[in-house]
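So you can see what is in the structure, the chains are spelled out below.
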Amino acid sequence: MHAGRDDLVDLGVHAIPLDMSTTYPARDSSAEAARLDVLATGEMDGGLPIYGRVSNPTVARFETALAELEGCEAGVAFASGMAALSACLLAAVVQGKPHVVAVRPLYGTTDHLVASGLLGNFVTWASPDEVAQAVRPDTGLVIVESPANPTLTEVDIARLAVAAGDVPLLVDNTFATPVLQRPVEHGARIVLHSATKFLGGHGDVMGGIIACDEQYARTLRQLRFVTGGILHPMAGYLLLRGLSTLPIRIREASANASELADRLRDHPKVGSVHYPKIGGALVSIEVDGDPLAVVSAVRLFTPAVSLGSVDSLIQHPGSLTHRIMEPEDRQVAGISDHLLRLSVGLEDVEDLWQDIDQALQKA
């Protein structure tokens, strides 16, 4: 609740200041030129940004807050989670290390981007036990999600960090959030969030952020400056507001999800249930009937992609979030055609249970 707001009392304000400026005037052009040379290197000098594509004071507050919550030196915010990941892949390329080792499953668009080579990378897919052998001199990143999208598979982050050696381990912590897991405490060097999800928490803001050390942050800021993937100030404002209720939302939604997971394990129409040991608000189920019919039959759950909102969502990964993957790649990643992903919200758990039960029975 206080992250990113430590100076508000001294400013004499209670609500977070929202700075919508795109440019910042200065009468001393020669001094601003010298500052711009510094800012272009990714180093922040504590002054105003000069231009909104360099940084923004409201966004900077969100970056500071998330870095504090993840136990990192710095945060660098982007327009979306995929923009944040793209910057990390480009950073590896410009540093002459375009090889990526990735552990499936990943979010479908992440999988596609890593495999496509669109940004100059190339990938070796590896199980957690194969990561050490897959790392090469030109490896720039090891990428993993834990819990993973959409199977909720978990990995031992500390063990994976050892296997990665000197190569930065990037952990997508979107599903766990800093409330349940802080990957840097287990040896990861880069933490990624699709801030659109739980950090925002209300389905009305899009953003992404990387938490990391200051040296890596400078590289990301350089890339953001030239590619223009900056987070909008209003989004930064909404994300800071979302952080203030994050622990309450995560704990309440996790309690609902855990209860639903327990009940669904005994449901005659459900073949298997995936729920992380770490907890959280996501539950994935393998249904015996037509999964699309289940999605069509819900009335309280919202049939939609994305996750992490205060209301509950349901979607079929094979048709939507992971459709971009080749079918055989989905199978290798454990994403079956009968898998449904539930993002459990804050509704009454009995209402949620009645809705998913009736939808499964109808299908």
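Residues numbered from 1 in each chain as written. Predicted model: local features only at pLDDT ≥ 70, side-chain atom pairs only at ≥ 80, totals over all residues. Heavy atoms only, no water.

Honestly, the overall build of the protein chain in this entry has me stumped. Any pointers?
When you go through the protein chain residue by residue, the secondary structure sums to 14 helices and 12 strands. When the backbone C-alpha atoms are referred to their principal axes, the protein chain occupies close to 75 × 50 × 30 Å. Out of the 363 residues belonging to the protein chain, those deemed buried represent 53%. Pairs at least 24 apart in sequence give 71% of the contacts found in the protein chain among residues at least 6 apart. (Helix = DSSP H or I, 4+ residues; strand = E, 2+ residues; numbered from the N terminus. Buried < 20%, exposed > 50% of the residue type's maximum accessible area, 1.4 Å probe, protein only. Contact = heavy atoms within 4.5 Å.)

How do you make sense of empty space enclosed by the protein when you look at a structure like this?
Empty space left among the atoms is revealed by rolling a probe the size of a water molecule over them. Per the counting criterion, the structure on display carries 3 cavities of 30 Å³ or more. Volume-wise, the largest cavity comes out at about 50 Å³. Looking at the largest cavity, the residues that line it are Phe198, Arg249, Ala253, Gly308, Ser309, Val310, Val344, Gly345 and Leu346. Tallied by class, the residues present in the lining of the largest cavity amount to 5 nonpolar, 3 polar and 1 charged. (1 Å grid on protein atoms, 1.4 Å probe; cavity = no way out; pocket = protein on both sides within 12 Å on 5 of 7 lines; lining within 4 Å. Points joined across faces, edges and corners; volume = space filled by probe spheres on them. Nonpolar A, V, L, I, M, F, W, Y, C, P; charged D, E, K, R; others polar.)

Is there a simple way to think about helix 7 (residues 157-164) in this case?
The α-helix winds at 3.6 residues per turn, so residues separated by three or four positions along the chain end up facing the same way. Within helix 7, burial applies to Ile157, Leu160, Ala161 and Ala164. Buried residues in helix 7, looked at end-on, bunch into an arc of 105 degrees, giving them a common side. The outward face of helix 7, more than 90 degrees from its buried face, is lined by the exposed residues Arg159 and Val162. Where helix 7 is buried, its residues contact helix 6 (131-134), strand 4 (139-145) and strand 5 (169-172). Measuring from the side-chain oxygen of the N-cap residue of helix 7 to the backbone nitrogen of Ala158 gives 3.2 Å; that N-cap residue is Asp156. Two residues or fewer after helix 7 comes Gly165, characterised by a positive phi angle close to 65 degrees. (Arc of directions from axis to C-beta. Polar contact = N/O pair within 3.5 Å; in protein donor to acceptor, adjacent residues only side chain to side chain.)

Can you help me understand the sheet that holds strand 6 (residues 190-194) in this one?
Consider a sheet: its strands pair through backbone hydrogen bonds, and that pairing is either parallel or antiparallel. Pairing is mixed across the open sheet formed by 7 strands, whose spatial order is 1-7-6-5-4-2-3. With one partner strand each, in any of the chains shown, strand 1 (74-78) and strand 3 (122-125) form the two edges of the open sheet. Taking each pair of neighbouring strands and ignoring which way they run, the sheet shows an average axis angle of 25 degrees. Relative to strand 6, strand 5 runs parallel, the two sharing 3 bridges. (Pairing = 2+ DSSP bridges. Axes fitted to C-alpha atoms, helices over the stretch in contact; angles between N-to-C directions.)

For this particular structure, what's the right way to read the sheet that holds strand 9 (residues 282-287)?
A sheet is described by the order of its strands in space; here 5 strands give the open sequence 8-9-12-11-10, paired in mixed fashion. The strands lining the two open edges of the sheet, one partner per strand, are strand 8 (270-274) and strand 10 (302-303). Relative to strand 12 (residues 339-343), strand 9 is paired through 5 bridges, and the arrangement is antiparallel. Among the inter-strand pairings, Val283 is bridged to a residue of strand 12, identified as Leu342. Against the sheet, helix 11 (residues 246-264) engages strand 8, strand 9 and strand 12, with an angle of about 20 degrees to strand 9.

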